[in-house]
Amino acid sequence: MTKKLCLIAALSLSLLSLVSCTKVQARMAIKEANDAYAKEDYGTALQQYRRAREIDAESFPELDRMVGYSLIGLYSPEDKSPENVKNADAAVVELRKYLDKKPDDTIAREALINLYLNADRITEAINYFKEWLKTHPADLSAVRSVAQLYSKQGNFNESLNWYEKITLLDNKNPEAFYTYGVVCYEKVAKNPPADMAERLAIIEKGKRALARASELKADYFEALVYLSLLHRQQAPLETDPVKQQALVAEADRIRGMAVAINNKRKAAAAAAAAGKKS
């Protein structure tokens, strides 16, 4: 019995020593990888991070992220060669795998999105956020990212829909309504729809959003400026001269409010500067 206990104890110590040795080897590889990564030697860093993961992946879950980062370091957006594209593909796999385990790591998520953008994979980025939003529907940052990505893709209608979702989720924030209103103005001013009814509908949406922004935030100069501009965009579209003049008059009235706010700000700044001098 005593011999058996001694044998079990010896085996236990042997296993503990083996585990300890494995961790030491993994840590040494990680140190080499970190040093290489700091020197932007991403090839060596990738090799050593992968080696550390082969030795002891369970103790170091962050290695998936670092393997992904090293692959991003090796990737060049201008290079369309199969080998370079393979680096991007592998980086996506590694970061997605890591984010499945650590979904709240916003820095890693940002790295993945930047990779999607640099690799011109906007649709993949949109799909990633949509998948995320199925389980995190109130994530404003993710909704905002989808809106921006659709805008970058040139899909205005989808972009506007997602900017509207932001106003619903963040309905006490004047900036949300301001951004929505500005997006509406940018569309009708720079790339207006051919359909007149659609153009007018966008103008009305923008006006409502900017008016709401002004209600939520006193003296919102920027919101008033764009609200005035949208009235001016609408005026030429009116066939009734009386309504057209009313829109121009309203644009002038709102602009006057914005000018008054700006003058007040300048006077306050001048008074503050004079107070510091005295």
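Residues numbered from 1 in each chain as written. Predicted model: local features only at pLDDT ≥ 70, side-chain atom pairs only at ≥ 80, totals over all residues. Heavy atoms only, no water.

Would you mind going over helix α4 (residues 82–101) in detail, with residue names and values included?
Along its 20 residues, α4 runs 29 Å from first to last C-alpha, staying within 8% of the 28 Å computed at 1.5 Å per residue. Within the sequence span of α4, burial applies to Asn84, Asn87, Ala88, Ala91, Val92, Glu94, Leu95, Tyr98 and Leu99. (Helix = DSSP H or I, 4+ residues; strand = E, 2+ residues; numbered from the N terminus. Expected span 1.5 Å × (residues − 1). Buried < 20%, exposed > 50% of the residue type's maximum accessible area, 1.4 Å probe, protein only.)

Would you mind going over the packing of helix α5 (residues 106–118) against helix α6 (residues 122–135) in detail, with residue names and values included?
Contact geometry of α5 with α6 gives a least axis separation of 7 Å together with a crossing angle of 150 degrees. Viewed along their axes, α5 and α6 adopt a mutual orientation that is roughly antiparallel. Between α5 and α6 the crossing geometry is left-handed. Every residue of α6 that contacts α5 at Arg109, Leu112, Ile113, Tyr116 and Leu117 is listed here: Ile122, Glu124, Ala125, Tyr128, Phe129 and Trp132. (Axes fitted to C-alpha atoms, helices over the stretch in contact; angles between N-to-C directions. Parallel < 35°, antiparallel > 145°, perpendicular 65-115°, else oblique. Left-handed = near helix turned anticlockwise from the far one by under 90°. Contact = heavy atoms within 4.5 Å.)

Describe the side chain of Ser159, naming the residues involved and giving the relevant values.
Positionally, Ser159 belongs in helix α8 (residues 156–169). Among the polar contacts made by the side chain of Ser159, one reaches the main-chain carbonyl oxygen of Ala147 at a distance of 3.0 Å. In contact with Ser159, not counting residues within four places along its chain, are Ala147, Tyr150 and Ser151. (Polar contact = N/O pair within 3.5 Å; in protein donor to acceptor, adjacent residues only side chain to side chain.)

Account for the packing of aromatic side chains, naming residues and giving values.
Tallied over the full model, the rule gives 5 aromatic pairs. Residues Tyr178 and Tyr226 carry aromatic rings whose centres are separated by 6.0 Å and whose planes lie at 70 degrees to one another, so their mutual orientation is edge-to-face. Taken as a pair, Tyr178 in helix α9 (residues 174–190) and Tyr226 in helix α11 (residues 221–234) lie far apart in primary sequence, 48 residues in all. Here Tyr178 matches Tyr226 in class, with each residue buried. (Phe/Tyr/Trp six-rings, centres within 6.5 Å; stacked < 30°, edge-to-face > 60°.)

Go over unusual backbone geometry, please, and point to the residues and values.
Phi angles above zero are rare outside glycine, and Glu40 is one such case at about 65 degrees. Take Glu40: it is sitting in the loop between α1 (2–38) and α2 (42–56). Look at Glu40 and you get exposed, because its relative accessible area is 59%. A positive phi angle is found at Asp120, which is not glycine, with a value near 55 degrees. For Asp120, the position within the fold is in the loop between α5 and α6. On the basis of relative accessibility, which here comes to 61%, the residue Asp120 falls in the exposed class.

Help me get a handle on helix α10 (residues 196–216), residues and values and all.
Because an α-helix completes one turn every 3.6 residues, residues spaced three or four positions apart along the sequence face the same direction. For α10, spanning 21 residues, the distance from its first C-alpha to its last is 30 Å, which sits close to the expected 30 Å at 1.5 Å a residue. Burial in α10 covers these residues: Arg199, Ile202, Ile203, Gly206, Lys207, Ala209, Leu210 and Ala213. One side-chain oxygen at the N-terminal end of α10 lies 3.3 Å from the backbone nitrogen of Ala197; it belongs to Asp195.

Quick rundown of the pattern of salt bridges? Include the residues and the values.
Counted according to the given criterion, the structure contains 20 salt bridges. Two residues, Asp35 and Lys31, come together in a salt bridge whose shortest N-O distance is 3.1 Å. With Asp35 and Lys31 both in helix α1 and 4 residues apart, this pair spans about one turn of that helix. Among the salt bridges present, the one from Lys264 reaches Asp219, with a minimum N-O distance of 4.0 Å. Within this pair, whereas Lys264 is found in helix α12 (residues 241–277), its partner Asp219 is found in the loop between α10 and α11, the two being separated by 45 residues in sequence. Judged by its relative accessible area of 56%, Lys264 is exposed. When salt bridges with common partners are traced through the structure, they connect Arg53, Asp64, Glu94, Lys97 and Lys101 into a single cluster. (Salt bridge = Lys/Arg side-chain N within 4 Å of Asp/Glu carboxyl O.)

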